[in-house]
Amino acid sequence: MGLFESLYDPMMKPLEWLGVQKWRQLVINKAHGQILEIGAGTGNNFAYYPANSVVYALEPSPVLRQKASEKIPSNTNFTLVEGIAEKLPFADETFDTVISTLVLCSVNDLEQAIREMQRVLKSGGRLLLLEHVATRQPLGLALQTAINPAWKRMFGNCHLNRNTVAAVKKYFPSVATIPFVGDLVVHLDATKTG
Ligand SMILES: C[S@@+](CC[C@H](N)C(=O)[O-])C[C@H]1O[C@@H](n2cnc3c(N)ncnc32)[C@H](O)[C@@H]1O
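Within every chain, residues take consecutive numbers counted from 1 along the sequence as written. Totals for whole chains, interfaces and linings use every residue, but because this is a predicted model, local features are given only for residues with pLDDT of at least 70 and side-chain atom pairs only at 80 or more, for both listing and counting.

Describe the overall build of the protein chain, naming the residues involved and giving the relevant values.
Strands are runs of DSSP state E lasting at least 2 residues, helices are runs of H or I lasting at least 4, and numbering of each runs from the N terminus. From N to C terminus, the protein chain includes five helices and seven strands. Ordered by position from the N terminus, the helices and strands of the protein chain form the series α-β-β-α-β-β-α-β-α-α-β-β. A compact globule built from 194 residues should have a C-alpha radius of gyration of about 16 Å, and the protein chain, at 16 Å, falls within 12% of that. Over its C-alpha atoms, taken along the principal directions, the protein chain stretches across nearly 45 × 40 × 30 Å. Partly exposed residues are those whose C-beta has more than 12 but fewer than 20 other C-beta atoms within 10 Å; 20 or more makes a residue buried and 12 or fewer makes it exposed, with C-beta atoms placed from the backbone. Among the 194 residues that make up the protein chain, the fraction classed as buried is 35%. We take the radius of gyration over the C-alpha atoms and set the globule estimate at 2.2 Å times the residue count to the 0.38 power.

Encoded structure:
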């Protein structure tokens, strides 16, 4: 098991208490219908899905999929799937809701992942994201950019300085955003139009 995979839950624990848990709840509460969660990790969102939810949870790491399988609530209908965001193993227009939390910072190809999210959503379907992103503060951004190379190596390809909001707006013209911690973390709520 990689260091990142074994340390993820203990590392996240204080952050969950400080606010991440609350943000997860806000995002997951909006899910409805046929749901796809991308990059499910150790399953830290699973507890927040309403009873009887039908969720496909995609995760590339077998170790994390195993951990996630232990957090599936008994009153839901989960299917764990191997795969990556850039090549989703689902037909076009399959899902009412696509969810991803703290994942677009780590994918290899940000725009391809967003295109895939758009492809598998039904028309009128919702993309719900929670991401840490590049700050608009020039000094803060310089700091994020300076530590990004080392950070990526330590934390599973996690990029500190991605302009995820702009990338999502390119493919989803209808996006509402709620910022947290200044503008360091953002909840994006986008609808697939057309
Ligand atoms: C920081 S963790 C977040 C896990 C979980 N979503 C959460 O909120 O706790 C990043 C996750 O993204 C997954 N990941 C990395 N690259 C990915 C990709 N290309 N497609 C899908 N998931 C990916 C990792 O395996 C890991 O589970």
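What follows continues from the structure just given.
Tell me about the sheet that holds strand 3 (residues 77–81), residues and numbers included.
Read from one edge of the open sheet, seven strands run 3-2-1-4-5-7-6, paired in mixed fashion. Strands with a single pairing partner mark the edges of an open sheet, and in this sheet they are strand 3 and strand 6 (174–180). Strand-to-strand twist in this sheet, taken as the mean axis angle between neighbours without regard to direction, amounts to 15°. Whether two strands pair comes down to DSSP finding at least two bridges between them. Sheet analysis places strand 1 (residues 34–38) next to strand 4 (residues 95–101), joined by three bridges and oriented parallel. When the sheet's bridge partners are listed, E37 is paired in strand 4 with I99. A pair of residues counts as a contact when their C-beta atoms, built from backbone coordinates, are separated by no more than 7 Å. Axis lines are fitted through C-alpha atoms, for helices just across the contact stretch, and the angle between N-to-C directions can take any value from 0 to 180 degrees. Here helix 3 (residues 110–120) sits on the sheet in contact with strand 1, strand 4 and strand 5 (121–132), set at roughly 145° to strand 5.

With reference to specific residues and values, describe the site of the ligand.
With respect to spatial proximity, 18 residues lie near the ligand, and among them G39, G41, I84, A85 and T101 are the closest. Here the shell around the ligand is composed, by residue class, of nine nonpolar, seven polar and two charged. Nearness is defined per residue: the C-beta atom, placed using the backbone, must lie within 6 Å of the molecule or strand. Only Asp, Glu, Lys and Arg are considered charged in this grouping, and only Ala, Val, Leu, Ile, Met, Phe, Trp, Tyr, Cys and Pro are considered nonpolar; every other residue, Gly among them, is considered polar.

Residue-level account of the environment of V186, with values.
With respect to the helices, strands and loops of the structure, V186 is situated in strand 7 (residues 185–191). Spatially, the C-alpha atoms of V186 and P149 are 22 Å apart, while their sequence positions differ by 37 residues. Setting aside residues up to four positions removed in sequence, V186 forms contacts with E131, V133, V165, T177, I178 and P179.

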